[in-house]
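A look at the structure
Chain by chain, the residues run as shown.
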Amino acid sequence: MNDRRRFLKSAALGTAAAALSPLAEAARPVAKTRAPAGVVRVVSTWDFGIAANQAAWAILSQDGHSLDAVEAGARVPEADIRNHSVGLGGYPDRDGHVTLDASIMDSDANCGGVACLEDIEHAVSVARLVMEKTPHVLLVGDGARQFALSQGFKQRNLLTPAADKAWHEWLKTSHYQPEINSEVRDYGAGVPIDKDNHDTIGILALDAHGKLAGACTTSGAAWKLHGRVGDSPIIGAGLYVDGEIGAATSTGMGEEVIRNAGSFLVVELMRQGRSPTEACKEAVLRVLHKHPSTACKTQVAFLAMNKAGEAGGYAIQRGFSYAVCDAKNQSALIPSASVFPA
Ligand code: GLY
């Protein structure tokens, strides 16, 4: 089944999920001033990507910049306490600390990230300021927190009562076993998330000026060792953008993505002529090939978009979905193809 036939209607947004244009049409070069309808303009991981895309679209539709769009999109799940894998309300590490990882990148290889950031809700916005206001790419831990405070971010406790309760439940066994997502959740329709999934919002956008950007933000693996950093803040692992080629992001078990410089690999495969879906599939197969016994038991998914506005994803396990929004604000949630179907 091809991507087009997989489109689901996005009831929560009330937008028609009429299929976006076929890939052949989308492959036309992006117009200098306005991308044609049918070209994907913003794409993001998981069902919570639908709401993120809408925040991004609000900027893109006003001829705004893709960098502003991806930041605005990523901030939506960061602020949503129902989402236990991103930002406020994220599940803590084994010691009860909610620590955030995030990155952001534009078409011209400008990038910034924060890792193991505590007490600051919008890690993606701190990552952007690392990019814009410092000579560095990545700030970690208390240094990242101090930097955020110096930039006017407010300190707050990110451990919500629900996440605290879940942590205390986990403490009863203290058994660490990252869960593979097992279902597509109806997040867009407002159903609370209560599963311990290991999800990340990765969001990629193409603006009317033909510029790509990407962002990625997560609270990482629930119950992880204190200090653990995943793929999301690592440029080339959780996120990569090359304005001449395309952009890619990842979700799932960050360790497996880091080992393979996953998002960089996806962009390089697109450079060699692969479509976004083909590039994501090949990167997923690389992850499996390197560590078959570990990788086949976990989830890793890649999501990519090229400069022509084609998008695609691929996952190890069934259950990964991604949200797309085109230049007519047609929105769809697409179940990704995967290596293992069940
Ligand atoms: N992909 C997110 C993480 O592993 O932390």
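The structure we're discussing is the one just above.
The following refers to the structure shown. (Residues numbered from 1 in each chain as written. Predicted model: local features only at pLDDT ≥ 70, side-chain atom pairs only at ≥ 80, totals over all residues. Heavy atoms only, no water.)

Thoughts on the pattern of salt bridges
Short version of the rule: Salt bridge, as used here, is a side-chain nitrogen of Lys or Arg placed within 4 Å of a carboxyl oxygen of Asp or Glu.
Inspection of every chain in the model, using the stated rule, returns 14 salt bridges. Among the salt bridges present, the one from K172 reaches E169, with a minimum N-O distance of 2.7 Å. Salt bridges sharing common partners tie together D68, E71, R128 and E132.

Topic: helix α5 (residues 123-133)
Rules: For every residue, the accessible area (1.4 Å probe, protein chains only) is compared with the maximum for its type, and the residue is labelled buried under 20%, exposed over 50%, or partly exposed between those bounds. Helix and strand assignments follow DSSP, with helices taken as H or I runs no shorter than four residues and strands as E runs no shorter than two, numbered in order from the N terminus. A contact between two residues is defined here by any heavy atoms of the two lying within 4.5 Å.
With nine of eleven residues buried, α5 lies mostly within the body of the structure. Listed in full, the buried residues belonging to α5 are A123, V124, S125, V126, A127, R128, L129, V130 and M131. Looking at the buried side of α5, the elements it contacts are α4 (66-79), β3 (100-106), β4 (111-117), β5 (138-140), α6 (141-150) and β7 (212-218).

Here we look at the environment of S338
For clarity, the threshold we go by: Counted as a polar contact is a pair of N or O atoms within 3.5 Å, where, for protein atoms, one must be capable of donating a hydrogen and the other of accepting one, and residues adjacent in sequence contribute only when both atoms are in side chains.
Take S338: it is sitting in strand β14 (residues 337-340). Linking S338 and F320, residues 18 residues apart in sequence, is a C-alpha distance of 8.1 Å. Only 3.4 Å separates the side chain of S338 from the backbone nitrogen of R318, close enough to count as a polar contact. Polar contacts involving the side chain of S338 include one to the main-chain carbonyl oxygen of F340, which spans 3.1 Å.

With respect to α4
Going by this rule: The span you would expect from a helix comes to 1.5 Å times its residue count less one.
Taking 1.5 Å per residue, 14 residues should reach 20 Å; α4 reaches 20 Å between its end C-alpha atoms and fits that length. Those residues of α4 that fall on the buried side of the exposure criterion are S66, L67, A69, V70, E71, G73, A74, P77 and E78. In this fold, the buried residues of α4 make contact with α3 (49-60), β3, α5, β6 (201-206) and β7.

With respect to the sheet that holds β14
Inclusion rule: In short, DSSP must find at least two bridges between two strands for them to pair. Fitting a line to C-alpha atoms yields each axis, with helices limited to the stretch in contact; the angle taken between N-to-C directions then spans 0 to 180 degrees.
Strand order in the open sheet formed by five strands is β8-β9-β10-β11-β14, and the pairing between neighbours is mixed. Of all strands in the sheet, those bounded by a partner on one side alone are β8 (239-242) and β14. Each adjacent strand pair in this sheet contributes to an overall mean axis angle of 15°, direction not counted. Bridge count between strand β9 (residues 246-252) and strand β10 (residues 300-306): seven bridges; the pairing is antiparallel. Paired with S250 across the strands is F302, a residue of β10. Lying over the sheet, helix α9 (residues 262-271) contacts β8, β9 and β10, oriented at roughly 145° with respect to β9. Contacting β10, β11 (311-317) and β14, helix α10 (residues 276-290) runs over the sheet at an angle of about 25° to β11.

What to know about the environment of A308
Note that A308 resides in the loop between β10 and β11. In this structure the C-alpha to C-alpha distance between A308 and G210, which are 98 residues apart in sequence, comes to 8.5 Å.

Just geometry here; none of it tells us what the structure is for.
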